[in-house]
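Per-entry structural report
The primary structure of each chain is shown beneath.
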Amino acid sequence: MGFFGSVFESGFFDGIRGARAMQFDSGSASSNAIELTKRHPTVSLTKQGAVHGNLRVNLSWRMRSSDIGGRSGQSGRLLRHPFKLFKPDMVQAHTQGMVNVDLDIGCLYELTDGTRGVVQPLGNLHGDINNPPYVKLSGDDRFGAPSGETIFVNLDHADEIKRLLVFVYIYDQTPAFDRTHALVTLYPSTGPRIEIQLEERHPQARSCAVVSLETVKGELTVRREVKFVYGFQAELDRLYGWGLQWGRGYKSTKA
């Protein structure tokens with residue numbers, strides 16, 4: 001159970017249907033990735049020829065190594081259980097010190113017809129890939145597994161999408177962005193993947209606006225946001241002017 005808002009606005013549940021990109025190097029040839037940074041925050045999907053098919057947006061995360069097993073006593077535990085040294089971080093993360101951290105991905109959307117809403121695990125607002133809002137959430141990973149959580153965006157309907165804001169939030173109210181390595185990766189239909197790392201230390205933050213998609217001067221542009229806030233989705237809404245009404249929301253009891 002959590003206290004983050006599901007969304008409702010007039011007719012929302014019934015009506016759910018309905019700056020030029022900066023030039024920069026396309027990342028390491030070995031990784032075939034573009035990393036969006038403060039210095040180079042934007043990339044044009046139009047120039048990549050990637051304004052079609054499904055755009056996959058993935059959240060993956062793991063504990064910072066200094067927090068696995070707690071900040072103190074780790075060396076003593078390794079002496080008593082030396083084989084734990086050879087266990088990967090992801091496996092070690094599934095311990096009592098980890099289960100209280102639950103990062104989720106969500107997406108605020110606004111369509112060209114004025115329809116606004118959210119896709120997120122809370123309230124089971126999973127969206128639809130073939131009908132408005134053309135945004136679909138797949139999976140709810142509660143332990144930071146490598147597959148993480150994924151949102152799909154149907155860019156065959158890009159002309160019906162005004163703007164999107166992908167965000168990450170902490171479900172269980174335990175501020176923990178400073179204890180995790182989180183990465184949001186966009187996989188366009190063509191061209192290199194696009195990475196945004198959440199490496200800044202904001203120990204009290206509970207939500208983070210990560211990346212936005214918007215058509216700017218005829219180009220579908222991806223922009224790094226990485227703005228941490230100390231409240232929940234409603235605070236992100238106010239920051240970006242979505243104008244929704246928020247209430248208390250819960251996850252399904254299913255994992």
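Residues numbered from 1 in each chain as written. Predicted model: local features only at pLDDT ≥ 70, side-chain atom pairs only at ≥ 80, totals over all residues. Heavy atoms only, no water.

**Describing the packing of aromatic side chains**
So the rule is basically this: Here the aromatic set is Phe, Tyr and Trp, taking the six-membered ring for Trp, and pairing holds for ring centres within 6.5 Å; pairs whose planes are under 30 degrees apart are stacked, those over 60 apart are edge-to-face, and all others are tilted. The rule is short: NZ of Lys or CZ of Arg within 6 Å of the ring centre and within 35 degrees of the ring normal puts a charge over the ring.
Applying the stated criterion across every chain, the model contains one aromatic pair. A ring pair is formed by Phe-167 and Tyr-169, whose centres lie 5.8 Å apart and whose planes are at 35 degrees; its orientation type is tilted. Above the face of the Tyr-187 ring, Arg-56 is positioned so that its terminal group lies 4.0 Å from the ring centre. Directly above the ring of Trp-242 sits Arg-163, whose terminal nitrogen or CZ lies 3.6 Å from the centroid.

**Overview of the sheet that holds strand β14 (residues 219-229)**
Condition: Here a strand pair is declared whenever DSSP counts at least two bridges between the two strands. Secondary structure elements follow DSSP: runs of H or I of four or more residues count as helices, runs of E of two or more count as strands, with numbering from the N terminus. Inter-axis angles, ranging from 0 to 180 degrees, are taken between N-to-C directions of lines fitted to C-alpha atoms, where helices are fitted over the stretch in contact. Here a residue-residue contact requires only that any non-hydrogen atoms of the pair lie within 4.5 Å.
Pairing in this open sheet of six strands is antiparallel, and the strands run β3-β14-β13-β10-β5-β6 from one edge to the other. Pairing within the sheet leaves two strands with one partner each, and these edge strands are β3 (42-44) and β6 (116-119). Going from strand to strand, the sheet's axes swing by 20 degrees on average, the running direction of each strand aside. In the packing of helix α3 (residues 233-240) onto the sheet, the strands contacted are β10 (161-170), β13 (207-216) and β14, and the crossing angle to β14 comes to about 130 degrees.

**Re α3**
Rule in force here: To sort residues, take the accessible area from a 1.4 Å probe on protein chains only and compare it with the maximum for the residue type: under 20% means buried, over 50% means exposed, and anything in between is partly exposed. Here the arc refers to the set of directions running from the helix axis out to each C-beta atom.
Within α3 the residues assigned to the buried category are Gln-233, Leu-236, Asp-237 and Tyr-240. Buried residues along α3 cover an arc of 105 degrees about the axis, so they all sit on one side. Of the residues flanking the end of α3, it is Gly-241, one or two places downstream, whose phi is positive at about 70 degrees.

**Looking at the side chain of Glu-110**
Note the cut-off: By the criterion applied in these results, polar contacts are pairs of N or O atoms within 3.5 Å in which, for protein atoms, one can donate a hydrogen and the other can accept it, and in which residues neighboring in sequence qualify only through two side-chain atoms.
With respect to the helices and strands, Glu-110 occurs in strand β5 (residues 103-111). Overall, Glu-110 belongs to the buried group, its relative accessible area being 11%. A distance of 2.7 Å separates a polar atom in the side chain of Glu-110 from a polar atom in the side chain of Arg-163. Excluding residues that lie within four positions of it along the chain, Glu-110 makes contacts with Thr-115, Arg-116, Ile-161, Lys-162, Arg-163 and Trp-242.

**So, unusual backbone geometry**
The omega torsion of the bond from Pro-132 to Pro-133 falls at 15 degrees, within 30 degrees of zero and hence cis. Summarising the element assignment, Pro-133 is placed in the loop between β7 (127-128) and β8 (135-138). For Tyr-134, which is not glycine, the phi dihedral falls at a positive 65 degrees. Following the sequence through the fold, Tyr-134 ends up in the loop between β7 and β8. For Tyr-134, a relative accessible area of 6% gives the class buried.

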